[in-house]
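Understanding the architecture of this molecule
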Amino acid sequence: MDDCVFCRIGRGEIPADIVYKDDEVVAFRDINPQGPVHVVIIPVEHIPGIKEAEERHQGLVGKLMLVAARIAQDEGIADGGYRLVVNQGREAGQSVDHLHVHVIGGRAMHWPPG
Ligand code: AMP
Ligand code: ZN
């Protein structure tokens, strides 16, 4: 996807504060952080959202979660607690149509979310 902002970050075409990268996933700090720690994890492959994820993506989707947990550990928020979020679609507030998992922590959070 030529004009997808997260594809462009994945390809290194626009700068990002990358905290983890391998052949399949990239994690970087959110430009508009919602907590002291806010990291976004994306697959390198352009998948518009979890709605479009297919059977073949099972391992990749699992990896997004495991990398999220590892980043939470590395960022020092694992013991205090953190939230993993996937916004899917308009009503959930998805603003970038490239599948991503948010890792947010470092502050107390409320439930239900807004
Ligand atoms: P969502 O609203 O779930 O689609 O999340 C998209 C997130 O991407 C938002 O939290 C944005 O702040 C973040 N974001 C958008 N553009 C960038 C960028 N260039 N670098 C880092 N984070 C970004
Ligand atoms: Zn993309």
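Everything numeric in this text was worked out from a predicted model, so none of it was measured.

Quick word on the site of ligand 1
The immediate surroundings of ligand 1 are formed by 15 residues, with Asp30, Asn87, Ser95, His100 and His102 found nearest. Within the backbone of Gly93, a nitrogen or oxygen atom sits 3.0 Å from an oxygen atom of ligand 1. Within the side chain of His102, a nitrogen or oxygen atom sits 2.8 Å from an oxygen atom of ligand 1. Contact with the protein chains removes 83% of the 500 Å² of surface that ligand 1 exposes when unbound. Residue assignment for the shell around ligand 1 shows that the elements contributing at least two residues are helix H1 (5-10) and strand E2 (25-29). Counting residues per element, the shell around ligand 1 draws most heavily on H1, which supplies 3 residues. Of the residues in the shell around ligand 1, the class split is 6 nonpolar, 7 polar and 2 charged.

What about the pattern of salt bridges?
Under the defined criterion, the tally for this structure stands at 9 salt bridges. With its nearest N and O atoms 3.2 Å apart, the salt bridge here joins Glu13 to Arg8. Residue classification places Glu13 among the partly exposed positions, given a relative accessible area of 42%. Here Asp22 ties to Lys63 by a salt bridge, and the two come within 2.7 Å at their closest N and O atoms. Placement of Asp22 in the loop between strand E1 (18-21) and E2 and of Lys63 in helix H2 (residues 58-74) is noted, with a sequence separation of 41 residues between them. For Lys63, a relative accessible area of 21% translates into the label partly exposed. Connected via shared salt-bridge partners are Arg8, Arg11 and Glu13.

Structural notes on the coordination of the zinc ion (ligand 2)
The protein atoms that coordinate the zinc ion (ligand 2) are Cys4 (SG), Cys7 (SG), His46 (ND1) and His98 (ND1), at distances of 2.0 to 2.3 Å. Of note is the zinc ion (ligand 2), whose 4 donor atoms meet at the metal with angles of 106 to 116° in an arrangement that counts as tetrahedral. When the donors of the zinc ion (ligand 2) are listed by position in the chain, the intervening gaps give C-x2-C-x38-H-x51-H. Here the residue Cys7 occupies a position in helix H1, and His98 occupies one in the loop between strand E4 (82-85) and strand E5 (101-105), the gap between them amounting to 91 residues. When its relative accessible area of 0% is taken as the criterion, His98 is described as buried.

The rules we used
- Residues numbered from 1 in each chain as written.
- Chains lettered and ligands numbered in written order.
- Predicted model: local features only at pLDDT ≥ 70, side-chain atom pairs only at ≥ 80, totals over all residues.
- Heavy atoms only, no water.
- Near = heavy atom within 4 Å.
- Polar contact = N/O pair within 3.5 Å; in protein donor to acceptor, adjacent residues only side chain to side chain.
- Areas by Shrake-Rupley, 256 points an atom, 1.4 Å probe, with all protein chains shown as cover.
- Helix = DSSP H or I, 4+ residues; strand = E, 2+ residues; numbered from the N terminus.
- Nonpolar A, V, L, I, M, F, W, Y, C, P; charged D, E, K, R; others polar.
- Salt bridge = Lys/Arg side-chain N within 4 Å of Asp/Glu carboxyl O.
- Buried < 20%, exposed > 50% of the residue type's maximum accessible area, 1.4 Å probe, protein only.
- Donors = N, O, S within 2.8 Å, 3.2 Å for Na, K, Ca; no water.
- Tetrahedral: all angles 85-135°; square planar, octahedral: opposite > 155°, others 65-115°.

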